[in-house]
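Spelled out, the chains give:
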Amino acid sequence: MDRRSLIKHAGIAGVFAAGAAPAVHAQAAIRWRITSSFPKALDTIHGASDVFAQKISAMTGGKFQVTVHAPGELVPALGVVDAVQAGTVEAGHTAPYYYFGKDDTFAMGTAIPFGLNSRQLTAWYYDGNGMKLFREFYDQYNIVNFPGGNTGAQMGGWYRKEIKTLADIKGMKMRIGGFAGKVLSRMGAVPQNIPGGEIYQALEKGTIDATEWIGPYDDEKLGFQKVAKNYYYPGWWEGGAQLDFYINKAAFNALSKENQAIVEAAAAYAHTEMQARYDARNPAALKRLVAGGAKVLPFPKVVMDEAYKQSMELYAELSASNPNWKKIYTDYSAFRKDQNLWFRFTEATFDRYMQSAKL
């Protein structure tokens, strides 16, 4: 029996049994680069890019490779939006609020003062209108976005001097990421937007009086406790700070539907794992910082109240002047109101009880 007859009569099972394989079109390998805004030393936040790349490789049997690049290797730490928009790189991992100078609306992609916490923000993105609204917003930048991790609620930062009254805020030079500086400036502070890898030197030299970063695990690595002992909480400007994977729109659209789904799944995995790492590692780090002399203090209520007042006034002003902000914030704020009502009866009450219990 010749080969053609074999295929006709035996079917595909017979083909393999006879050792004859049909022709298969080889799929071309895909090579992407992702640039991060975060130094490699911060294994939690920079590590989300590594997890994203590893999962894509694993799910495609190595046919889709993503190389991860630290700040400065391809583009500066705060150059991610421009690089992804222009197609200089296929992807980036960053904090959207770093780019509020382009449009204040970027800030809501990460965190705004007195905004949603991490669970609420994830709910708004995945089951509310958050993803839809931000996809529309980022379309003007040629970007497709995916949630790329969350730090959870952050600490309020490191200060050379104690903060006892509003007068202690006035004139204070503070490194604070992105949009929150607008609120602090309204309170009399002088905000500085400095990349993570440059903060310690600025604090050590006295170029700044205070800094915030994320929380105990990363702060310990960056060594802030060596040059400023007063460690305040909570980070009212970051109740749940989300990172994003930015994908160049043309690069994403060039993928097969299967590979698009793989990118989405890898991002979702990295999103979950990043916060899990912070939640697991922060408690021990906080104990070490306190043992090393850090003084953990709450912000005075007068400071919190003034910050809240200034934040709400700022949002009203932006809603009146920025159509992009108004469109997204209207939905965001309505979602926040319902979420706070729900959490009041469940998460908050349970947490307060457990935190007062003797464990």
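Analysis parameters
- Residues numbered from 1 in each chain as written.
- Predicted model: local features only at pLDDT ≥ 70, side-chain atom pairs only at ≥ 80, totals over all residues.
- Heavy atoms only, no water.
- Helix = DSSP H or I, 4+ residues; strand = E, 2+ residues; numbered from the N terminus.
- Pairing = 2+ DSSP bridges.
- Core = buried A, V, L, I, M, F, W, Y, C linked by side-chain atoms within 4.5 Å.
- Buried < 20%, exposed > 50% of the residue type's maximum accessible area, 1.4 Å probe, protein only.
- Contact = heavy atoms within 4.5 Å.
- Axes fitted to C-alpha atoms, helices over the stretch in contact; angles between N-to-C directions.
- Parallel < 35°, antiparallel > 145°, perpendicular 65-115°, else oblique.
- Nonpolar A, V, L, I, M, F, W, Y, C, P; charged D, E, K, R; others polar.
- Salt bridge = Lys/Arg side-chain N within 4 Å of Asp/Glu carboxyl O.
- Phe/Tyr/Trp six-rings, centres within 6.5 Å; stacked < 30°, edge-to-face > 60°.
- Lys NZ or Arg CZ within 6 Å of the ring centre and 35° of its normal.
- Right-handed = clockwise from strand over helix to strand, strands pointing away.
- Expected span 1.5 Å × (residues − 1).
- Arc of directions from axis to C-beta.
- Left-handed = near helix turned anticlockwise from the far one by under 90°.

Some points on unusual backbone geometry
Outside of glycine, negative phi angles account for most residues, and trans bonds account for most peptide bonds. Cis rather than trans, the peptide bond between Y233 and P234 has omega equal to -5°. Positionally, P234 belongs in the loop between strand 9 (230-233) and strand 10 (242-248).

A closer look at the sheet that holds strand 8 (residues 210-211)
Pairing within the open sheet is mixed, and its six strands lie in the order 7-6-8-5-9-11. Both edges of this open sheet fall to strand 7 (190-192) and strand 11 (295-298), since each of them pairs with a single strand only.

Focus on the nonpolar core
Counting 77 residues, the largest nonpolar core has I112, W124, Y159, W213 and W236 as its most contacted members. Residues contacting I112, with those up to four places away along its chain left out, are A107, F179, W236, W237, Y315, W325, Y329 and Y332. In terms of nonpolar packing, the next biggest core, distinct from the first, is built from 23 residues, V51, V66, V263 and A267 among them.

Structural notes on the packing of helix 5 (residues 130-138) against helix 12 (residues 323-345)
The interhelical angle for the contact between helix 5 and helix 12, taken along N-to-C directions, is 170°, at an axis separation of 10 Å. If you check the angle between helix 5 and helix 12, you find them roughly antiparallel. Facing helix 5, whose interface residues are L133, F134, E136 and F137, helix 12 presents N324, K327, I328 and D331. Of the residues assigned to the contact of helix 5 with helix 12, the class counts are four nonpolar, one polar and three charged.

Some details on the pattern of salt bridges
Tallying each qualifying case throughout the model produces 16 salt bridges. Notably, a salt bridge pairs E162 with K295, separated by 2.5 Å at the nearest N-O pair. One end of the pair, E162, is in the loop between strand 5 (157-159) and strand 6 (173-175); the other, K295, is in strand 11, and 133 residues separate them in sequence. Overall, the relative accessible area of 29% leaves E162 in the partly exposed class. Judged by relative accessible area, which is 39%, K295 ranks as partly exposed.

A short note on the environment of G171
Among the structural elements, G171 can be located in the loop between strand 5 and strand 6. Sequence spacing of G171 and V89 is 82 residues, and the spatial spacing of their C-alpha atoms is 40 Å.

Some remarks on the pairing of strand 9
Two strands pair when backbone bridges link them, and strand 5 and strand 9 are joined in this way by three bridges, in the antiparallel orientation. Looking at strand 9, one finds that W158 is bridged to Y231. Sheet analysis places strand 9 next to strand 11, joined by four bridges and oriented parallel. The residue of strand 11 that forms the bridge with Y231 is V296.

Section: the side chain of T60
In this structure, T60 sits in the loop between helix 2 (47-59) and strand 2 (64-69). By relative accessible area, T60 is classed as buried at 12%. The residues contacting T60, other than those within four sequence positions of it, are N259 and I262.

Looking at the packing of aromatic side chains
Considering all chains together, one arrives at 34 aromatic pairs under this definition. Between W124 and F134, the aromatic rings sit 6.2 Å apart at their centres with planes inclined by 85°, giving edge-to-face as the arrangement. Linking W124 in helix 4 (residues 118-126) with F134 in helix 5, this pair joins segments that are 10 residues apart in sequence. Of the two residues, W124 and F134, neither departs from the other in class, the shared state being buried. For the pair F179 and Y315, a centre-to-centre distance of 6.3 Å together with 20° between the ring planes defines the contact as stacked. Remark: Y315 occurs in helix 11 (residues 301-321) and F179 occurs in the loop between strand 6 and helix 6 (180-186); sequence separation between them is 136 residues. Across the ring face of F146, the terminal group of R135 is positioned such that the distance to the ring centre comes to 4.7 Å.

A look at the pairing of strand 2
Of the pairings in the sheet, the one linking strand 1 (residues 30-36) to strand 2 comprises six bridges and is parallel in character. Along strand 2, the bridge assignment pairs R33 with T67. One crossover worth recording links strand 1 to the parallel strand 2 by way of helix 2, and it is right-handed.

Some remarks on helix 10 (residues 257-291)
Taking 1.5 Å of rise per residue, the 35 residues of helix 10 would be expected to cover 51 Å, and the 52 Å separating its terminal C-alpha atoms lies within 8% of that figure. Just downstream of helix 10, G293 is the residue with a positive phi angle, here 110°.

Here's the deal with helix 5
For the α-helix, the turn length of 3.6 residues means that residues three or four positions removed from each other point alike. Of the residues making up helix 5, those classed as buried are G130, M131, L133, F134, F137 and Y138. Here the buried residues of helix 5 occupy an arc of 165° about the axis, which is enough to place them on one side. Contacts from the buried residues of helix 5 go to helix 4, strand 4 (143-150), strand 10 and helix 12.

Notes on the side chain of Q225
Locating Q225 in the fold gives a position in the loop between helix 8 (216-222) and strand 9. Q225 has contacts with W158, D219, E220 and L289, leaving out every residue within four places of it along the chain.

Some details on the packing of helix 4 against helix 12
Where helix 4 meets helix 12, the axes come as close as 10 Å, and the angle between the chain directions of the two elements is 130°. By the angle between their directions, the pair helix 4 and helix 12 is classed as oblique. The two elements helix 4 and helix 12 meet at a crossing, and its hand is right-handed. Contacts between helix 4 and helix 12 pair R119, Q120, L121, A123 and W124 from the former with I328, D331, Y332, F335, Q339, N340 and F343 from the latter. Within the contact of helix 4 with helix 12, the residues separate by chemical class into seven nonpolar, three polar and two charged.

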